[in-house]
Amino acid sequence: HTSRLSGPTYTVLDILQKVFYTNNGAREAFVELCNSKYVQQVTFDSYLYKRVQGNNPLDDLKLLGETIGCLVKGYSTAKPDAEFSNPVESLKRI
């Protein structure tokens, strides 16, 4: 069944969105992580085989450390998000 197989992929994508698309610092961290050969290989393999790849515990642990380091660096160096207001759109959603 396709949804059972693709469920973990959507879970990972949801986590990535919640962690890395919240503000400028997190987005900067994501961009920095994308330079990692391991991240690139896991991303490519996951796309190619249509399921989350990786499964190298040592490299996954290294990636966790890199992720934390990139988030700390991103939060400390990124400009704050600009204030955004769209009252017309907001009224449509009420």
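Parameters at a glance
Residues numbered from 1 in each chain as written. Predicted model: local features only at pLDDT ≥ 70, side-chain atom pairs only at ≥ 80, totals over all residues. Heavy atoms only, no water. Helix = DSSP H or I, 4+ residues; strand = E, 2+ residues; numbered from the N terminus. Rg over C-alpha atoms; globule rule 2.2 N^0.38 Å. Buried < 20%, exposed > 50% of the residue type's maximum accessible area, 1.4 Å probe, protein only. Contact = heavy atoms within 4.5 Å. Axes fitted to C-alpha atoms, helices over the stretch in contact; angles between N-to-C directions. Parallel < 35°, antiparallel > 145°, perpendicular 65-115°, else oblique. Left-handed = near helix turned anticlockwise from the far one by under 90°. Nonpolar A, V, L, I, M, F, W, Y, C, P; charged D, E, K, R; others polar. Core = buried A, V, L, I, M, F, W, Y, C linked by side-chain atoms within 4.5 Å.

Caption draft 1: The overall build of the chain, seen in detail. A count of helical and extended segments in the chain gives 5 helices and 0 strands. Reading the secondary structure of the chain in the N-to-C direction produces α-α-α-α-α. In terms of overall dimensions, the chain is more spread out than a globule: its C-alpha atoms have a radius of gyration of 17 Å, far above the 12 Å expected for 94 residues. Summarising its shape, the C-alpha atoms of the chain cover approximately 45 × 40 × 15 Å along the three principal directions. For the chain, the proportion of its 94 residues judged to be buried stands at 19%. Intrachain contacts of the chain at a sequence separation of at least 6 include 62% that bridge at least 24 residues.

Caption draft 2: Highlighting the environment of Lys-50. Looking at the secondary structure, you find Lys-50 in the loop between helix H3 (37-49) and helix H4 (57-77). Separated by 25 residues in sequence, Lys-50 and Tyr-75 place their C-alpha atoms 32 Å apart. Non-local contacts of Lys-50, meaning those with residues more than four positions away in its chain, are made with Thr-9 and Asp-45.

Caption draft 3: View of the packing of helix H2 (residues 24-33) against H4. At a minimum axis distance of 7 Å, the contact between H2 and H4 shows a crossing angle of 135°. Accordingly, the angle class assigned to the pair H2 and H4 is oblique. The crossing of H2 and H4 is right-handed. The residues of H4 that touch H2, namely those facing Gly-25, Ala-26, Glu-28, Ala-29, Glu-32 and Leu-33, are Leu-63, Glu-66, Thr-67, Cys-70, Leu-71, Lys-73, Gly-74 and Tyr-75. Per-class residue counts for the contact of H2 with H4 are 7 nonpolar, 3 polar and 4 charged.

Caption draft 4: Inspection of the nonpolar core at higher detail. If you look at the biggest cluster of nonpolar residues, it comprises 6 residues: Phe-20, Ala-26, Ala-29, Leu-33, Cys-70 and Leu-71. Those elements that place two or more of their residues in this core are H2 and H4. The element best represented in this core is H2, accounting for 3 residues. For Leu-71, the residues in contact, after removing those within four places along its chain, are Val-19, Phe-20, Ala-26 and Ala-29.

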